[in-house]
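Chain and residue survey
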Amino acid sequence: MIAKKINLLKWEKIRDGVYTSGPFDLFKMDKEEILDGRTYEVWNIFYKSEFKRNASSLEQAKNACELANSFPKHSALI
């Protein structure tokens, strides 16, 4: 069986590099990281205004929030 991606959170774009949905806020940093010769964006993920982690793309950041939202008692997932 193939897992289907479900997007339950509705993301609102505040401005370039800033998105919000419920208790989650995503901020794109001005810096980029280089790993193994590839350049990655840096997105900060905040949950209820508290910094939780970084992600290397907007899609990865949104997926981390979706996962945490699916298991609300386990906010440590982000």
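Residues numbered from 1 in each chain as written. Predicted model: local features only at pLDDT ≥ 70, side-chain atom pairs only at ≥ 80, totals over all residues. Heavy atoms only, no water.

**Considerations on the nonpolar core**
One broad trend across soluble globular proteins is that nonpolar side chains are buried collectively. Definition in use: To form a nonpolar core, buried Ala, Val, Leu, Ile, Met, Phe, Trp, Tyr and Cys residues must be joined to one another through side-chain atoms within 4.5 Å. For each residue, the accessible area found with a 1.4 Å probe, counting protein chains only, is set against the maximum for its type, and the residue is called buried under 20%, exposed over 50%, and partly exposed in between. Secondary structure elements follow DSSP: runs of H or I of four or more residues count as helices, runs of E of two or more count as strands, with numbering from the N terminus. The contact criterion used throughout is that any non-hydrogen atoms of two residues lie within 4.5 Å.
Ranked by internal contacts, the top residues of the largest apolar core, which has 13 residues, are Phe24, Leu26, Trp43, Ile45, Ala61 and Cys65. Counting residues per element, the ones that place at least two in this core are β3 (24-35), β4 (38-47) and α1 (58-70). Among the elements that make up this core, the one with the highest residue count is α1 (5 residues). When residues no more than four places from it in sequence are discounted, the contact partners of Ala61 are Leu26, Trp43, Ile45 and Ala55.

**Comments concerning the environment of Tyr19**
With respect to the helices and strands, Tyr19 occurs in strand β2 (residues 18-21). Each C-alpha atom of the pair Tyr19 and Ile45 lies 9.9 Å from the other, and the pair is 26 residues apart in sequence. In contact with Tyr19, other than residues within four places in its own chain, are Trp11, Glu12, Lys13, Phe24, Asp25, Leu26, Trp43 and Leu58.

**With respect to the packing of aromatic side chains**
This is how it is decided: Only Phe, Tyr and Trp rings take part, Trp by its six-membered ring, and two of them pair if their centres are within 6.5 Å. Stacked means planes under 30 degrees apart, edge-to-face means over 60, and tilted covers everything else.
The tally for this structure, following the rule as stated, stands at 4 aromatic pairs. Seen in terms of ring centroids, Phe24 and Tyr47 are 5.1 Å apart; in terms of plane orientation they differ by 45 degrees. Their pairing is tilted. Of this pair, Phe24 sits in strand β3 while Tyr47 sits in strand β4, placing them 23 residues apart in sequence. Arranged with centres 5.5 Å apart and planes meeting at 90 degrees, the rings of Phe27 and Phe46 form a pair that is edge-to-face.

**Focus: the pairing of β2**
Here is the rule: Here the rule is simple: two strands pair whenever DSSP picks up at least two bridges between them.
Side chains Val18 and Thr20 project from β2 onto one buried face, and the interleaved Tyr19 and Ser21 project onto a second face that is buried too. Across 3 bridges, the pairing between strand β1 (residues 12-15) and β2 is antiparallel. Residue pairing across strands places Glu12 opposite Thr20, the latter belonging to β2. The loop that links β1 with its antiparallel partner β2 comprises 2 residues; one of these, Gly17, has a positive phi angle of about 80 degrees. Pairing of β2 with β3, which is carried by 4 bridges, proceeds in the antiparallel orientation. Residue pairing across strands places Val18 opposite Phe27, the latter belonging to β3. Hairpin connection from β2 to β3: 2 residues lie between these consecutive antiparallel strands, with Gly22 at a positive phi of about 55 degrees.

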